[in-house]
Amino acid sequence: MQRIDHRLPWSHLGSERSLSVFRFGAGPRKVYIQASLHADELPGMRTAWELKQRLGELEREGRLQGVIELVPVANPIGLDQHLQSAHMGRFELGSGKNFNRAFVELSAPVAALVGERLGDDAVANIALIRQTMGQVLDDLPAPASQLEALHRLLLRHACDADITLDLHCDFEAAIHLYALPQHWPQWQSLAARLKAGVALLCEDSGGSSFDESCSSPWLRLARAFPDAAIPPANLATTLELGSMGDTRVEQARANCEAILGFLAEQGFIGGDWPAAPQACCEGMPFEGTQYLFAPHHGVVSFLRDAGEWVEQGDALFEVVDPLSDRVTTVRAGTSGVLFALDRGRYTQPGIWQAKVAGREPIRAGKLIND
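Thresholds, definitions, all that
- Residues numbered from 1 in each chain as written.
- Predicted model: local features only at pLDDT ≥ 70, side-chain atom pairs only at ≥ 80, totals over all residues.
- Heavy atoms only, no water.
- Helix = DSSP H or I, 4+ residues; strand = E, 2+ residues; numbered from the N terminus.
- Rg over C-alpha atoms; globule rule 2.2 N^0.38 Å.
- Buried < 20%, exposed > 50% of the residue type's maximum accessible area, 1.4 Å probe, protein only.
- Contact = heavy atoms within 4.5 Å.
- Lys, Arg positive; Asp, Glu negative; His and termini not counted.
- Charge placed at Lys NZ, Arg CZ, Asp CG, Glu CD.
- Pairing = 2+ DSSP bridges.
- Axes fitted to C-alpha atoms, helices over the stretch in contact; angles between N-to-C directions.
- Salt bridge = Lys/Arg side-chain N within 4 Å of Asp/Glu carboxyl O.
- Polar contact = N/O pair within 3.5 Å; in protein donor to acceptor, adjacent residues only side chain to side chain.
- Phe/Tyr/Trp six-rings, centres within 6.5 Å; stacked < 30°, edge-to-face > 60°.
- UniProt positions renumbered as here; feature names shortened; annotations may be inferred.

A. Seen up close, the overall build of the protein. On a plain count of helices and strands, the protein comes out with eight helices and 20 strands. A globule of 370 residues ought to have a C-alpha radius of gyration of about 21 Å, and the protein, at 21 Å, matches this closely. If you line up the protein on its principal axes, its C-alpha atoms span 65 × 55 × 45 Å. Burial status across the protein gives 53% buried among its 370 residues. Sequence-distant contacts in the protein: of pairs separated by 6 or more residues, those separated by 24 or more amount to 71%. Side-chain charges in the protein split into 33 positive and 46 negative, and the spacing between the mean points of these groups amounts to 3 Å.

Right, here's the structure in full:
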């Protein structure tokens, strides 16, 4: 195992932050895994520690058949943000920016540099594009903030990977994942191993999140140069490992073994591994996800659990105003998987309370919430 520590610039006087990358194995193929980019989403970090132990064992046994880079703490900035005992890990407090938005878009600058050199050799094209992605990131002006520096480091390590896993969680949720629709056939094994409740599929959710910044440039380049052989060479996903409190040992170990089994299936780990379960969740268009909101202030009582299938018209939660005695029942506007609930129980208009993934598109434009 090799440990790589990157010092983040723009640290305050008398303090310093760093990003630590653990590299296992060797070879031309590569997996990149990071955890807790939203720093208060800790199931991924706990799972990453299990992965760190197991990858060390597998490396000592000589069973790794490629490079696996692991970043267990992807956001040392957000990890340090607490306000009156509450962890504030989703947004940078100084700027208000979501840590998992506005990553660098690589396809346009890469296209400008490689267009005339692309041909019908897919292997050569992949190598050229990956090299150029690294060059583009290295040649950017000096970062204007610590957040910008963090983004560049994370993307620099992931841009040349064959598989990228970004480990997150939702507030109160079933395990689910976000991915490109073109990649869903390849992700079904992982979804089955994790016993995921749903996969949410789209090419552009509108937030320039980390996983899309790794995978989408390959689609854009292929469309910009239709005569060149450009496969989707970075299989990237955001894995939402259930709820924020899902850090129990057995959960982390199960997540770890599911990920390792998938990587073995992809040829990165040798030896015998259990086959993926045949039962798998559906891949739903992200455009089919309904966000449900409270119509007034009050206390929320959920009537269904995350992970359940609900039908259009089913009651999902009540909002109670104890001063006026106003009670409102909010019902599903689409049939699908109730995959996430808000963690708060006092609500106000404009704050989502539940998310239902349906089969039919009902939204357009920016799909992801901040």
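From this point, the discussion proceeds with the structure in view.
B. Highlighting the sheet that holds strand β1 (residues 2-7). Taken in spatial order, the nine strands line up as β1-β2-β4-β3-β7-β11-β9-β10-β12 in an open sheet, and their pairing is mixed. Taken across any chain shown, the strands that pair with only one partner, and hence form the sheet edges, are β1 and β12 (283-285). Averaged over all pairs of adjacent strands, the angle between their axes in this sheet comes to 20°, without regard to strand direction. Relative to strand β7 (residues 163-168), strand β3 (residues 30-35) runs parallel, the two sharing five bridges. Within β7, the position partnered with Gln 34 by the bridge is Asp 166. Contacting β2 (18-24), β3, β4 (67-71) and β7, helix α1 (residues 43-60) crosses the sheet at an angle of about 35° to β2. Against the sheet, helix α7 (residues 210-224) makes contact with β3, β7, β9 (176-179) and β11 (235-240), and its axis sits at roughly 160° relative to β11, the strand it touches most.

C. Geometry of the side chain of Glu 240. You can see Glu 240 is positioned in strand β11. It turns out Glu 240 is buried and unbridged, and the closest side chain with the opposite charge, Arg 90, is 6.8 Å from it. Polar contacts involving the side chain of Glu 240 include one to the main-chain amide nitrogen of Cys 169, which spans 3.2 Å. Of the polar contacts made by the side chain of Glu 240, one reaches the backbone nitrogen of Asp 170; its length is 3.4 Å. Apart from residues no more than four positions distant in its own chain, Glu 240 is found in contact with Glu 41, His 168, Cys 169, Asp 170, Ala 174, Ile 175, His 176 and Tyr 178.

D. The packing of aromatic side chains, seen in detail. Going through the model one piece at a time under the given rule, you end up with six aromatic pairs. Here the aromatic rings of Tyr 32 and Phe 210 are separated by 6.0 Å at their centres, their planes lie at 45°, and the arrangement is tilted. Here the residue Tyr 32 occupies a position in strand β3, and Phe 210 occupies one in helix α7, the gap between them amounting to 178 residues. In this structure Tyr 32 comes out as buried when scored by relative accessible area, which is 0%. We classify Phe 210 as buried; its relative accessible area is 0%.

E. Spatial organisation of the pattern of salt bridges. What the rule picks out here adds up to 27 salt bridges. With a closest N to O distance of 3.1 Å, Glu 57 and Arg 54 form a salt bridge. Linking Glu 57 with Arg 54, this pair stays in helix α1, spanning three residues, or about one helical turn. Judged by its relative accessible area of 34%, Glu 57 is partly exposed. Residue Arg 156 pairs with Asp 138 through a salt bridge whose shortest N-O separation is 3.0 Å. Here the residue Arg 156 occupies a position in helix α5 (residues 146-158), and Asp 138 occupies one in helix α4 (residues 122-138), the gap between them amounting to 18 residues. A residue is classified by how much of its surface remains accessible, and Arg 156, at 31% relative accessible area, is partly exposed. In this structure Asp 138 comes out as exposed when scored by relative accessible area, which is 52%.

F. Seen up close, the UniProt feature "domain: Succinylglutamate desuccinylase/Aspartoacylase catalytic" (unreviewed entry) in the protein. Here, the residues flagged by UniProt with the feature "domain: Succinylglutamate desuccinylase/Aspartoacylase catalytic" (unreviewed entry) are residues 29-104. For residues 29-104, helix accounts for 29% and strand for 20%, while the C-alpha atoms at its two ends are 23 Å apart.

G. Quick peek at the pairing of strand β17 (residues 326-331). In this structure, strand β16 (residues 315-321) lies alongside β17, joined through six bridges in antiparallel fashion. When the bridges of β17 are listed, Ala 315 appears paired with Arg 331. The antiparallel hairpin formed by β16 and β17 contains four residues in its connecting segment, where Asp 325 sits at a positive phi of about 65°.

H. Seen up close, the sheet that holds strand β19 (residues 346-347). An order of β17-β16-β14-β19 is seen for the four strands of this open sheet, with the pairing classed as antiparallel. If you trace the sheet from one side to the other, it starts and ends with β17 and β19, each paired once. Pairing analysis gives four bridges linking strand β14 (residues 298-302) to β16, with the strands arranged antiparallel. The residue of β16 that forms the bridge with Val 300 is Val 319.

I. Molecular detail of the side chain of His 183. Following the sequence through the fold, His 183 ends up in the loop between β9 and α6 (184-194). A relative accessible area of 1% means that His 183 is categorised as buried. In this structure, His 183 is in contact with Ser 215, Pro 232, Asn 234, Leu 235 and Ala 236, ignoring residues within four places of it in sequence.

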